[in-house]
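Descriptive structure summary
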Amino acid sequence: MTARDLGLPDRYPAAAGLPARVLIWEVGARDGLQNEPTLVPVGVKVEFLDRLAAAGLRVLEATSFGHPRWVPQLADAAELLRLLTPREGVRYPVLVPNERGLDRAVAAGASEIAIIASATESFAHRNLNRSLDAQFAMFAPVLSRATADGLRVRGYLSMCFGDPWEGAVPLKQVLSVGRRLLELGCDQLCLGDTIGVATPGHVGAVLEGFIRVGVGVDALAVHFHDTYGQALANTFAALCAGVSCVDASAGGLGGCPYAESATGNLATEDLVWLLDGLGIEHGVDLNALVHTSVWMAHQLGRPSPSRVLAALGGSSRTTNPPGHCS
Ligand code: MG
């Protein structure tokens, strides 16, 4: 069933003061699948990406060149890139944790990368095994080599809105780490609500902070998790601040909806429904996207947490019992 089947317009007139067009940065194949308890065959990943591209998504974060020991779900990164059929106008950035990852990504033909930095000391130690300050020493050579080679680089900044070990994260610290990433050569800074605790007022304050210190809103993207059901409200706050690049994961892949400690990414279907309601262009065929996520839910053997997918893609409910994530 579609909006039209429900007697609703496909899209509303553009809302004043919001971006006319939003670029959806699809992270399902990387951020989603890296958290899956089971290994997904490379052929399924390739088909997933190909279907997403056919649905109109233009930036597909494809995989990670993290050490296979730490990210076994994406150990097939090089093979995946080899098997992908390039499509005109579709970008396939890959995650690169360090110089060794950059070597592997470049050898596999990647032309665009992303790095993940931490806004907090605790997460830098836990996720990167180094201090907040020392993370820049790791990223500096990656960025200088990547930019010299003409690679586009996105800098993710984790824990911008709250940290499970430190609680609130001072805005000054978020601004300082974010600006250092841009100064090192990142083309774009993606602000991550890694544990999903952000609220719209907080999102507005952080974005306003970056704009106030001279960071152009065009250089910013947002990455929300729906832990407390705020991902769409937070997205709206970001749109109101002028952000026009929003991360989402097809079917809400990422984290495990059954595990207390895991948090799901904003579902691309939910984002598309919101953007349609605001008259914002995005280029995605919602039906094709829903079919893709329903297909992927069957591959994974568990239903998607996306509300829009549940409403439109009835068959996303698999016949298997709900997954028991390890
Ligand atoms: Mg995420």
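The sections below set out a description of the structure shown in this document.

Calculation notes
Residues numbered from 1 in each chain as written. Predicted model: local features only at pLDDT ≥ 70, side-chain atom pairs only at ≥ 80, totals over all residues. Heavy atoms only, no water. Helix = DSSP H or I, 4+ residues; strand = E, 2+ residues; numbered from the N terminus. Buried < 20%, exposed > 50% of the residue type's maximum accessible area, 1.4 Å probe, protein only. Lys, Arg positive; Asp, Glu negative; His and termini not counted. Salt bridge = Lys/Arg side-chain N within 4 Å of Asp/Glu carboxyl O. Polar contact = N/O pair within 3.5 Å; in protein donor to acceptor, adjacent residues only side chain to side chain. Contact = heavy atoms within 4.5 Å. Axes fitted to C-alpha atoms, helices over the stretch in contact; angles between N-to-C directions. Parallel < 35°, antiparallel > 145°, perpendicular 65-115°, else oblique. Left-handed = near helix turned anticlockwise from the far one by under 90°. Nonpolar A, V, L, I, M, F, W, Y, C, P; charged D, E, K, R; others polar. Pairing = 2+ DSSP bridges. Right-handed = clockwise from strand over helix to strand, strands pointing away. Arc of directions from axis to C-beta. Phe/Tyr/Trp six-rings, centres within 6.5 Å; stacked < 30°, edge-to-face > 60°. Lys NZ or Arg CZ within 6 Å of the ring centre and 35° of its normal.

What follows deals with unusual backbone geometry. Positive phi values are uncommon outside glycine, yet Asn129 reaches one of about 60°. Relative to the helices and strands, Asn129 resides in the loop between helix H5 (121-128) and helix H6 (134-148). With a phi close to 60°, Met159 is a non-glycine residue in the positive phi region.

The next thing to look at is the side chain of Asp163. Positionally, Asp163 belongs in the loop between strand S6 (152-158) and helix H7 (171-184). Among buried Asp, Glu, Lys and Arg side chains, Asp163 stands out as unpaired, with Arg126 the closest opposite charge at 7.0 Å. Within polar-contact distance, the side chain of Asp163 engages the backbone nitrogen of Trp165 at 2.6 Å.

Attention now goes to the environment of Leu60. Here Leu60 is to be found in strand S2 (residues 59-60). Its relative accessible area of 0% is what places Leu60 among the buried residues. Residues contacting Leu60, with those up to four places away along its chain left out, are Glu26, Leu49, Leu52, Ala53, Val90, Arg91, Tyr92 and Pro93.

On to the pattern of salt bridges. Under the definition given, this model contains twelve salt bridges. With a shortest N-O distance of 2.6 Å, Glu112 and Arg91 are connected by a salt bridge. Pair noted here: Glu112 is in strand S5 (residues 112-118) and Arg91 is in the loop between helix H3 (77-83) and strand S4 (94-95), with a separation of 21 residues, a long-range link. Notably, a salt bridge pairs Asp133 with Arg180, separated by 2.9 Å at the nearest N-O pair.

Between helix H9 (residues 231-240) and helix H10 (residues 268-277), the shortest axis-to-axis distance is 11 Å and the interhelical angle comes to 45°. Taken together, the axes of H9 and H10 lie oblique to each other. For the pair H9 and H10, the sense of crossing is right-handed. Across the interface between the two elements, Leu232, Thr235 and Leu239 from H9 touch Asp270, Leu271, Leu274 and Leu275 from H10. Here the residues of the contact of H9 with H10 are counted per class, giving five nonpolar, one polar and one charged.

It is worth spelling out the pairing of S5 at this point. Among the seven residues of S5, seven are classified as buried, and the element is accordingly described as predominantly covered. Side chains of S5 alternate between two faces, with Glu112, Ala114, Ile116 and Ser118 and Ile113, Ile115 and Ala117 buried alike. Here two bridges tie S4 to S5, and the two strands are oriented parallel to one another. Pairing of Leu95 across the sheet is with Ala114, part of S5. With helix H4 (residues 99-107) bridging S4 and the parallel S5, this β-α-β connection has right-handed handedness. For S5 and S6, the ladder comprises seven bridges, and the chain directions are parallel. Bridged to Ala117 within S6 is Leu157.

For H4, the complete set of buried residues consists of Gly101, Leu102 and Ala105. The buried residues of H4 all sit within an arc of 100° when viewed along its axis, so they share a single face. Away from its buried face by more than 90 degrees, H4 exposes Arg100 and Ala107. In this structure, the buried residues of H4 make contact with S4, S5 and H6. Regarding H4, its N-cap is Asn98, as a side-chain oxygen of that residue lies 3.3 Å from the backbone nitrogen of Arg100 further along. Immediately beyond the C-terminal end of H4, within one or two residues, lies Gly109, with a positive phi of roughly 100°.

A few words on the packing of aromatic side chains. Under the counting rule described, the total for this entry stands at two aromatic pairs. The interplanar angle of 50° and the centroid separation of 6.2 Å between the aromatic rings of Phe161 and Phe224 together place this pair among those described as tilted. Separated by 63 residues along the polypeptide, Phe161 in the loop between S6 and H7 and Phe224 in the loop between strand S8 (220-223) and H9 bring together distant segments of the chain. With a relative accessible area of 2%, Phe224 lands in the buried category. Lying over the aromatic face of Phe136, Arg180 brings its terminal NZ or CZ to 3.8 Å of the ring centre.

What follows deals with the packing of helix H8 (residues 200-212) against H9. Any two packed helices are characterised by how steeply their axes cross, that is the angle between the axes, and by the distance between the axes. The N-to-C vectors of H8 and H9 enclose an angle of 30°; their axes lie 8 Å apart at closest approach. Here H8 runs over H9; the crossing is right-handed. Here Pro200, Val203 and Leu207 of H8 come into contact with H9, specifically with Ala233, Asn234, Ala237 and Ala238. Of the residues assigned to the contact of H8 with H9, the class counts are six nonpolar, one polar and no charged.

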